[in-house]
Amino acid sequence: MLLIRNADRIGSAFPDHFSDSADLTVDQGEDLSSSNDTDITEAAAVPVPPAKQPIVIVLGMHRSGTSLCSHILSALGVDMADDVGHGPANVDGHWERWELVDLHDRLLLALERPYNNPRGYELRHDLPLPRGWRALPVAHAVRRDIETFLKERMYPGQLFGFKDPRTCRLLPLWMEIIERLDLEPRFVICVRDPIDVALSLKRRDDLPVAAGEYRWLTYNADCFRHVRDGALLVTYESWFNEPQRTIERLRDFVMPEVRKPIPPDVFDLIQPELNHGVSKTRSGAGSSVVSDLYGALKALEADPSRWPAIDAAIAFFDLCQANNPYGEALMGALSRDEESRLRIEEERDAAALARADVERLTADLHYARSRLAVTDDTERMLRLALDEAREEKDVLKRQLDRALSLSGMTEGATPLVAMPGTADALTVLHDGAGLSEDVARLLRSADLRIRRLERSMGARHDSTPQEGEGFDPVMRGLTSAQIDMMARSIFDLEYYQAGTGTQETDPDKLWMEFIGRGWDVEMSGNRFFDVRYYRFMSGSIDEASSPTPLHHYAELGLPRQISPSWIFDEAYYLHHNPDVAAAIERGELVCAFEHFSRSGTVEGRNGCPFFNERRYLELNPDIAEAVAAGALRSGESHYLQYGQKEGRLFR
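Since this is a predicted model, take the numbers as computed values, not measurements. (Residues numbered from 1 in each chain as written. Predicted model: local features only at pLDDT ≥ 70, side-chain atom pairs only at ≥ 80, totals over all residues. Heavy atoms only, no water.)

Mind showing me how you'd approach the pattern of salt bridges here?
Pairing of side chains with opposite charge becomes possible as their charged atoms draw close. Tallied over the full model, the rule gives 30 salt bridges. For R169, the salt bridge goes to D222, with nearest N and O atoms at 2.8 Å. Of this pair, R169 sits in the loop between β2 (160-163) and α6 (171-180) while D222 sits in helix α8 (residues 209-226), and the two are 53 residues apart along the sequence. A relative accessible area of 4% places R169 in the buried class. Judged by its relative accessible area of 10%, D222 falls in the buried class. A salt bridge links R225 to D318; the nearest nitrogen and oxygen atoms lie 2.4 Å apart. Here R225 is found in helix α8, whereas its partner D318 is found in helix α13 (residues 307-322), with 93 residues between them in sequence. For D318, a relative accessible area of 26% translates into the label partly exposed. Through salt bridges that share partners, R134, R143, E147, E176 and R180 make up one connected network. (Salt bridge = Lys/Arg side-chain N within 4 Å of Asp/Glu carboxyl O. Helix = DSSP H or I, 4+ residues; strand = E, 2+ residues; numbered from the N terminus. Buried < 20%, exposed > 50% of the residue type's maximum accessible area, 1.4 Å probe, protein only.)

Okay, here's the thing in structure tokens:
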């Protein structure tokens, strides 16, 4: 009856494997029917201690088959990992619990024994741990975090386990955790030939072979110093030489309560090509103590009497470490070496930044020279535009004279004398003589354009050309209709509808509604057009001369290369996007800003040297997801509308 009670207790820990009493094991010699009431009562009175919850811990040096072991344990039903963690060094996964790996790394780093070093291998990791390290506050903090993690992740009825080679170095801490949580450890220790481990570390981490053998010795000495009983030793070669026997031994050790058949696909996890061992062609490790310890461990799998040889090898290694007069000097030298490497890295980074600055300045100089090279063309184009505007005015003036003569009035008549300026005269003539409204408007526009071109010419002669100045080839004395067409080409209909909340859908009516807003700084008509910035860059602006900022930009901003936004530069965009320049030449686009605002940002093209679309999305993954999902047009549009107010990084 006591055996049954024990079986019930085991079944409560693994309910999935014990569905009824038929699964329980009973000694063949026991006759349950002959048991009397007294025996049952006495048996029931015997106190049975509560069962400890088992935990499977895979130990062993890196590159010793611990990942393969953890993978197979998972296939057998042990909860070994939440994230497999595939990588180049382990294509089938590391099968580690990254929370525990991070906690181990945190403690090792605090003890100045880090495993990882982004600049190369880390020799400090192989030194003995500092004396009294378990009493340090950081060790207590890590222990508490590990205990909290285990309490949250270990469930009754589920066999829990983990694998991390670093555990070998921190076993004293884990022995304390096991005792505090009243756990039953089931250690599986993976052992591989030290020379194979060293060569594998050389390939993966560029760790010198001698250092790899020493690390093997450190890990295995730490492991077998603290773990003797209640452990299963698995050699790397046994996975490939005796796969069925090895997996059965593993199953029987970690799950002695369960005797289920092993699924056939578990054996498929052992792939012969994973056996990269070369020890069979090489005569052992370079150190005798390493060779002695490996020989004893390999024999221990079949002969438990080999423990004295293992103890002797570990004791010799401990003695060497304890009596090393150069230990402190070595530690100091390694620390100084680390500081030197950090300083060299900083100097190397500074040199790289300096080279980048030189390259950027060289590119800027080349760009400035290219911009200066077109100064003569700019002057010629401005003069051409001015001549065409004057010619247009002369044509309109002749039409005016013809209208005056037909109406019986001359320029010397009283109305013109009394009204200084052509515009006022046109007003009188329009009311009294029926002059065409179109002729009057075009003449006013020609007068205004002439004055502005003359002002631009004067400003150009009065100052040295700056980077960004120039003249776009499409600007050749535009008429009012052409200016209106250009302004409308950069008008963002969807942005305007969303920004104003209007219910109107007719494009023509929306355009006229936008023109009626005038110089509304809150609604420029284009999500990338910053009216405040454009005003600042333009200097003095006669807003009455243009119905909207888009019209002003089309007529005057483009010829003077005034940017509508700090994240866009017309000349830079054309210089880096020759296909856009070619499209403008073919008449498919009116300007580079049209392409940038309509499709350039969506295509990931940069509008200026200062804002990088790709970098902004890398720094702000939530924005990248929204852009990919179509919820946002681009990173640049988000930054202009929200990002700069939220203080987001853009480079």
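Next comes the rest of the write-up.
Just checking my understanding: could you explain the packing of helix α19 (residues 480-489) against helix α21 (residues 507-517) for this structure?
A pair of packed helices is characterised by two quantities: the angle between their axes and the separation of those axes. Packing of α19 against α21 leaves a shortest axis separation of 12 Å and a crossing angle of 100°. As the angle between them shows, α19 and α21 are arranged roughly perpendicular. Packed against α19, whose contacting residues are D484, A487 and R488, the element α21 presents P507, D508, W511 and I515 at the interface. Grouping the amino acids of the contact of α19 with α21 by side-chain chemistry returns four nonpolar, no polar and three charged. (Axes fitted to C-alpha atoms, helices over the stretch in contact; angles between N-to-C directions. Parallel < 35°, antiparallel > 145°, perpendicular 65-115°, else oblique. Contact = heavy atoms within 4.5 Å. Nonpolar A, V, L, I, M, F, W, Y, C, P; charged D, E, K, R; others polar.)

Help me out: how do you make sense of the pairing of strand β3 (residues 183-191) in this one?
A regular strand carries its side chains on alternate faces of the sheet. Counting buried residues in β3 gives seven out of nine residues, a clear majority hidden from the surface. As paired elements, strand β1 (residues 53-60) and β3 share eight bridges and run parallel to each other. Looking at the pairing, V56 lines up with R186 of β3. Relative to strand β4 (residues 231-235), β3 is paired through five bridges, and the arrangement is parallel. Bridge pairing links C190 to V234 in β4. (Pairing = 2+ DSSP bridges.)

Before we go on, may I ask you to explain the packing of α6 against α8 in this structure?
The geometry of α6 relative to α8 is characterised by a closest axis approach of 10 Å and an angle of 30° between their N-to-C directions. Compared by their axis directions, α6 and α8 come out roughly parallel. For the pair α6 and α8, the crossing hand works out as right-handed. Residue-level inspection shows L171, P172 and M175 of α6 in contact with α8, the latter providing D222, C223 and H226. Counted by class, the contact of α6 with α8 contains four nonpolar, one polar and one charged residues. (Left-handed = near helix turned anticlockwise from the far one by under 90°.)

Would you mind showing me how to read the environment of M175 here?
Along the polypeptide, M175 turns up in helix α6. Apart from the residues lying within four places of it in its own chain, the contact partners of M175 are F187, H226 and V227.

Just to check I follow, could you spell out the packing of aromatic side chains for this structure?
Where two aromatic rings form a pair, the distance of their centres and the angle of their planes describe that pair. Inspection of every chain in the model, using the stated rule, returns 21 aromatic pairs. Relative to F514, the ring of F491 lies with its centre 4.9 Å away and its plane at 35°, an arrangement referred to as tilted. Within this pair, whereas F491 is found in the loop between α19 and α20 (493-500), its partner F514 is found in helix α21, the two being separated by 23 residues in sequence. On the basis of relative accessibility, which here comes to 6%, the residue F491 falls in the buried class. Seen from their ring centres, Y496 and F514 are 5.9 Å apart, and the 85° between their planes marks the pair as edge-to-face. Here the residue Y496 occupies a position in helix α20, and F514 occupies one in helix α21, the gap between them amounting to 18 residues. (Phe/Tyr/Trp six-rings, centres within 6.5 Å; stacked < 30°, edge-to-face > 60°.)

Take it as geometry only, folks, not as evidence of what the structure does.
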